[in-house]
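# Structural characterization, general
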Amino acid sequence: DRHADLLKYLETWLPQEYQRLQQLQQRDKAPKKPLSKLQKKYEKSGIKRFVSKDGFDIWVGKTQEDNEELVIRLARGNDLWFHLKGRPGAHVIVQLFKGKSAPLETMLDAAFLCAHYSGVRAGENADIDYTFRKNVKRIPGHGSARKFLVTYTQNKTLHVKVDEVRLKQLMG
């Protein structure tokens, strides 16, 4: 019966939507100090800000200077950090509020942005490592060339195929 199917769908969808709206409301009530700190730096640098489907801020650094500023100085220990596995590329931070975790869709948004800003083309596959920022440590530069290099632990890997439609939605 179509009506029974519709009712069953609504019974599962409404609680999920209610929970999502509660999360967004909690996010609006969260302290704004870390965000304003990021916002000020963001306006003065090449760091890019995006908003995930779930409403989480995603920050992308493309240059060594931006990556260093984003990862070492601005990101907090429990924010999520993303990077293209085994190659130089963009550093991406998903800003989390205390006690919150990132939904899978937000993590996929961050992975797509990481791949894109690391030179992976739409339709290509990419392995994106992620971990908490507190597990990312800076490696001192070599010689006179000051490079921003990191090492990280306790990571997991997302295997993604870069979705052009999703990227366009994120980039507005």
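Reference entry: report on the structure contained in this document. (Residues numbered from 1 in each chain as written. Predicted model: local features only at pLDDT ≥ 70, side-chain atom pairs only at ≥ 80, totals over all residues. Heavy atoms only, no water.)

## A look at helix H4 (residues 104–117)
With 14 residues, H4 should reach 20 Å at 1.5 Å per residue; the first-to-last C-alpha distance of 20 Å fits that figure. Extensive coverage of H4 is indicated by the burial of eleven of its 14 residues. Regarding H4, the residues found buried are Thr 106, Met 107, Leu 108, Asp 109, Ala 110, Ala 111, Phe 112, Leu 113, Cys 114, Ala 115 and Tyr 117. Following H4 by one or two positions, Gly 119 adopts a phi angle in the positive range, close to 95 degrees. (Helix = DSSP H or I, 4+ residues; strand = E, 2+ residues; numbered from the N terminus. Expected span 1.5 Å × (residues − 1). Buried < 20%, exposed > 50% of the residue type's maximum accessible area, 1.4 Å probe, protein only.)

## What about helix H5 (residues 164–171)?
When H5 is considered as a whole, its buried residues turn out to be Arg 166, Leu 167 and Leu 170. End-on, the buried residues of H5 take up no more than an arc of 100 degrees, which puts them together on one face. Exposed side chains of H5 directed beyond 90 degrees from the buried face belong to Val 165, Lys 168 and Gln 169. Residues of H5 that are buried make contact with strand S1 (48–51) and H4. Positive backbone phi, at 70 degrees, marks Gly 172, one or two positions downstream of H5. (Arc of directions from axis to C-beta. Contact = heavy atoms within 4.5 Å.)

## Digging into the sheet that holds strand S5 (residues 125–132)
Read from one edge to the other, the open sheet built from six strands follows the order S1-S2-S4-S3-S5-S8, with strand pairing classed as antiparallel. Where the open sheet ends on each side, the last strands, each with one partner, are S1 and strand S8 (156–161). This sheet shows a mean twist of 25 degrees between the axes of neighbouring strands, independent of strand direction. In this sheet, strand S2 (residues 57–61) lies alongside S1 in antiparallel orientation, the contact comprising four bridges. When the bridges of S2 are listed, Arg 49 appears paired with Trp 59. Sitting on the sheet, helix H3 (residues 64–74) touches S2, strand S3 (80–84) and strand S4 (91–94), and the angle it makes with S2 is about 140 degrees. (Pairing = 2+ DSSP bridges. Axes fitted to C-alpha atoms, helices over the stretch in contact; angles between N-to-C directions.)

## With respect to the packing of H4 against H5
Each packed pair of helices is defined by two parameters, the angle between the axes and the distance between the axes. Orientation of H4 relative to H5, taken along the N-to-C sense of each, is 95 degrees, at an axis distance of 10 Å. The angle between H4 and H5 falls in the class roughly perpendicular. Side by side, H4 and H5 meet where Glu 105, Leu 108, Asp 109, Phe 112, Leu 113, His 116 and Tyr 117 of the first sit next to Arg 166, Leu 167, Leu 170 and Met 171 of the second. Residues belonging to the contact of H4 with H5 are distributed by class as follows: seven nonpolar, one polar and three charged. (Parallel < 35°, antiparallel > 145°, perpendicular 65-115°, else oblique. Nonpolar A, V, L, I, M, F, W, Y, C, P; charged D, E, K, R; others polar.)

## A word on the packing of aromatic side chains
Within this structure, the stated rule accounts for three aromatic pairs. Ring centres 6.0 Å apart and planes at 40 degrees place the aromatic pair Phe 50 and Tyr 117 in the tilted group. Taken together, the residues span a long stretch of sequence, with Phe 50 in strand S1 and Tyr 117 in helix H4 at a distance of 67 residues. Like Tyr 117, Phe 50 is buried. On the numbers, 4.6 Å between centres and 55 degrees between planes, the contact of Trp 81 with Tyr 152 is tilted. Taken together, the residues span a long stretch of sequence, with Trp 81 in strand S3 and Tyr 152 in strand S7 (residues 149–152) at a distance of 71 residues. Overall, Tyr 152 belongs to the partly exposed group, its relative accessible area being 22%. (Phe/Tyr/Trp six-rings, centres within 6.5 Å; stacked < 30°, edge-to-face > 60°.)

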